[in-house]
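These are the residues of each chain, in order.
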Amino acid sequence: MSPSDPVSQEKQASTGSKNHKKKDQPPAEIVINIAWCKGCGICVDFCKPQAIEMQGPVVSIVSVDKCTRCRMCEAMCPDFAIEIDPPVPMEEMAQKARESRR
Ligand code: SF4
Ligand code: SF4
């Protein structure tokens, strides 16, 4: 797809397939709806592993392998322009929270 292709300008998605930290986890998918992204950078500010970055006026995926699927970007985006699939199972999130308190 070329940059002039309207479809490629609307959505950007990337799915991790290798080097993912846990073998039993499905790879993260970061889906960015570029048409809705206003380029505020809030999601980037909240992404600790720096899996996403600003590229000009819109957010862009750096590496899905860095994504921990914390979904902070999704929660903080005021325009619902970024989405993470699949979500982290609740038990895994609870385990992470327990580990972070130690
Ligand atoms: S928070 Fe939402 S609108 Fe702002 S840069 Fe990120 S995806 Fe775009
Ligand atoms: S889910 Fe978390 S680690 Fe992945 S891109 Fe969003 S903020 Fe970054």
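Everything below is about the structure shown above.
Residues numbered from 1 in each chain as written. Chains lettered and ligands numbered in written order. Predicted model: local features only at pLDDT ≥ 70, side-chain atom pairs only at ≥ 80, totals over all residues.

Overview of the overall build of the chain
Keep this limit in mind: Runs of E in the DSSP output that reach at least two residues are strands. Runs of H or I that reach at least four are helices, and both are numbered from the N terminus. Note on contacts: residues are paired as contacts if their backbone-placed C-beta atoms lie within 7 Å.
A tally of regular secondary structure across the chain gives four helices and five strands. In the chain, the succession of α and β elements from N to C terminus is α-β-β-α-β-β-α-β-α. Relative to all contacts within the chain whose residues are 6 or more apart in sequence, the contacts with residues 24 or more apart total 45%.

Thoughts on the environment of Ile82
The line we're drawing: Exposure is read from a count of other C-beta atoms within 10 Å of each residue's own; the residue is exposed at 12 or fewer, buried at 20 or more and partly exposed in between. C-beta atoms are placed from the backbone.
In this structure, Ile82 sits in strand S5 (residues 82-85). By the C-beta count within 10 Å, which is 25 here, Ile82 ends up buried. In the structure, Ile82 is positioned 70 residues away from Gln12 in sequence and 9.6 Å away in space, judged by C-alpha atoms. Dropping the residues within four chain positions of it, Ile82 is found in contact with Ile32, Cys43, Val59, Cys73, Glu74 and Cys77.

Focus: the site of ligand 2
Under the convention used in this document: In this entry, near means the residue's backbone-placed C-beta atom lies within 6 Å of the molecule or strand. Ten residue types, Ala, Val, Leu, Ile, Met, Phe, Trp, Tyr, Cys and Pro, are classed as nonpolar, four, Asp, Glu, Lys and Arg, as charged, and the remainder, Gly among them, as polar.
Inspection of the region around ligand 2 gives 14 residues, with Cys47, Ala51, Cys67, Cys70 and Cys73 positioned closest. Considering only residue class, the shell around ligand 2 consists of 11 nonpolar, one polar and two charged.

Section: the site of ligand 1
The environment of ligand 1 is formed by Cys37, Lys38, Gly39, Cys40, Gly41, Ile42, Cys43, Val59, Cys77, Asp79, Ala81 and Ile82. A breakdown of the residues in the shell around ligand 1 according to their chemical character gives eight nonpolar, two polar and two charged.

Here's the deal with the nonpolar core
This is how it is decided: By convention the nonpolar core is taken to be a set of buried residues drawn from Ala, Val, Leu, Ile, Met, Phe, Trp, Tyr and Cys and joined through C-beta atoms within 7 Å.
Counting 17 residues, the largest nonpolar core has Ile30, Cys43, Ala51, Ile52 and Ile82 as the members making the most contacts within it. Where this core is concerned, the elements lending two or more residues are strand S2 (29-33), strand S4 (58-61) and S5.

Regarding unusual backbone geometry
Notably, Gln50 is not glycine yet its phi reads approximately 60 degrees, a positive angle. With respect to the helices, strands and loops of the structure, Gln50 is situated in the loop between helix H2 (42-46) and strand S3 (52-55). Taking the C-beta count within 10 Å as the criterion, Gln50 has 11 such neighbours and is therefore assigned exposed. One non-glycine residue, Arg69, lies in the positive phi region at around 60 degrees. Considering the arrangement of structural elements, one finds Arg69 in the loop between S4 and helix H3 (72-76).

Let's talk about the pairing of S2
To keep things clear, this is the line we draw: Strands qualify as paired when DSSP identifies two bridges or more between them.
Because side chains alternate across S2, one face comprises the buried residues Ile30 and Ile32, and the other comprises Glu29, Val31 and Asn33, none of which is buried. Where S2 lies against S5, four bridges are found, and the strand directions are antiparallel. Looking at S5, one finds that Ile32 is bridged to Ile82.

Looking at the pairing of S3
One ladder, built from four bridges, connects S3 with S4; its direction is antiparallel. Bridged to Ile52 within S4 is Ile61. The loop that links S3 with its antiparallel partner S4 comprises two residues; one of these, Gly56, has a positive phi angle of about 65 degrees.

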